[in-house]
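Single-letter residue listing:
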Amino acid sequence: MIVLRRLLGDVLRKQRVRQGRTLRQVSGDARVSLGYISEIERGQKEASSEMLAALCGALEVPLSDVLREVSDRLALEEARAASARPLVTPEERRLSLAAEPVVVPVRPARDGDVVAAA
């Protein structure tokens, strides 16, 4: 499973290291504890939007750039995971080889249900 906080932490750490800055320096500029930033970078803590804004401000990197890089990495990991999966799962194979059609019960629509039409 792809963990978004791990990808986010990797991108933030890469930005910090690219600038040649220490956790202590970023911690002081962002006014966030060094330990908490370390946990975010290691993907152990979820960063709030306010925390991300503080870290991006301290790193002088637009939040949109960080999120774009996270999104790009997420897309790559999803593509890798999809290519590693078989196109047809063993369960789907069993269903497709069934001698008789499989009946799936469907409840009637009620008021408030969203029904799609083609």
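Throughout what follows, the structure given in this document is the object of discussion.

Cut-offs and rules
- Residues numbered from 1 in each chain as written.
- Predicted model: local features only at pLDDT ≥ 70, side-chain atom pairs only at ≥ 80, totals over all residues.
- Heavy atoms only, no water.
- Core = buried A, V, L, I, M, F, W, Y, C linked by side-chain atoms within 4.5 Å.
- Buried < 20%, exposed > 50% of the residue type's maximum accessible area, 1.4 Å probe, protein only.
- Helix = DSSP H or I, 4+ residues; strand = E, 2+ residues; numbered from the N terminus.
- Contact = heavy atoms within 4.5 Å.
- Arc of directions from axis to C-beta.
- Expected span 1.5 Å × (residues − 1).
- Axes fitted to C-alpha atoms, helices over the stretch in contact; angles between N-to-C directions.
- Parallel < 35°, antiparallel > 145°, perpendicular 65-115°, else oblique.
- Left-handed = near helix turned anticlockwise from the far one by under 90°.
- Salt bridge = Lys/Arg side-chain N within 4 Å of Asp/Glu carboxyl O.

The next thing to look at is the nonpolar core. A general feature of soluble globular proteins is that nonpolar side chains tend to end up buried together. Leu 8, Leu 12, Leu 55 and Val 66 are the most contacted members of the largest nonpolar core, which totals 20 residues. When residues of this core are assigned to their parent elements, the largest contribution, 6 residues, is made by helix H4 (residues 49-59). In this structure, Leu 55 is in contact with Leu 12, Val 26, Ala 30, Ile 37 and Ile 40, ignoring residues within four places of it in sequence.

For the rest of this paragraph, the subject is unusual backbone geometry. With a phi close to 55°, Arg 31 is a non-glycine residue in the positive phi region. With respect to the element layout, Arg 31 can be found in the loop between helix H2 (23-30) and helix H3 (34-41). If you check the backbone angles, Glu 60 has positive phi at about 55° while not being a glycine. Along the polypeptide, Glu 60 turns up in the loop between H4 and helix H5 (63-84).

Attention now moves to H3. Inspection of H3 places Ile 37, Ser 38, Ile 40 and Glu 41 among the buried residues, and these make up the whole buried set. Looking down the long axis of H3, one finds its buried residues gathered within 160° of arc, a one-sided arrangement. For H3, the secondary structure elements touched by its buried residues are helix H1 (4-18), H2 and H4. Where H3 ends, the next residue or the one after it, Gly 43, has phi of about 75°, a positive value.

With that out of the way, let us pick up H1. A rise of 1.5 Å per residue sets the reference length of H1, with its 15 residues, at 21 Å; its end C-alpha atoms lie 21 Å apart and thus fit the reference within 8%. Listed in full, the buried residues belonging to H1 are Leu 7, Leu 8, Gly 9, Val 11, Leu 12, Gln 15 and Arg 16. Next to the buried residues of H1 lie H2, H3, H4 and H5. Positive backbone phi, approximately 70°, marks Gly 20, located one or two places after H1.

Attention now moves to the packing of H1 against H4. The interhelical angle for the contact between H1 and H4, taken along N-to-C directions, is 20°, at an axis separation of 10 Å. One finds that H1 runs roughly parallel with respect to H4. Crossing hand, H1 versus H4: left-handed. Residue-level contacts link Leu 8, Leu 12, Gln 15 and Arg 16 of H1 to Leu 52, Leu 55 and Leu 59 of H4.

Moving on, we get to the pattern of salt bridges. Counted according to the given criterion, the structure contains 10 salt bridges. Here Asp 29 ties to Arg 21 by a salt bridge, and the two come within 2.3 Å at their closest N and O atoms. Given a relative accessible area of 51%, Asp 29 falls into the exposed group. Note on Arg 21: relative accessible area 17%, which makes it buried. Linking Arg 73 and Glu 69 is a salt bridge whose minimum nitrogen-to-oxygen distance equals 3.3 Å. Of this pair, Arg 73 and Glu 69 both sit in helix H5, 4 residues apart, roughly one helical turn.

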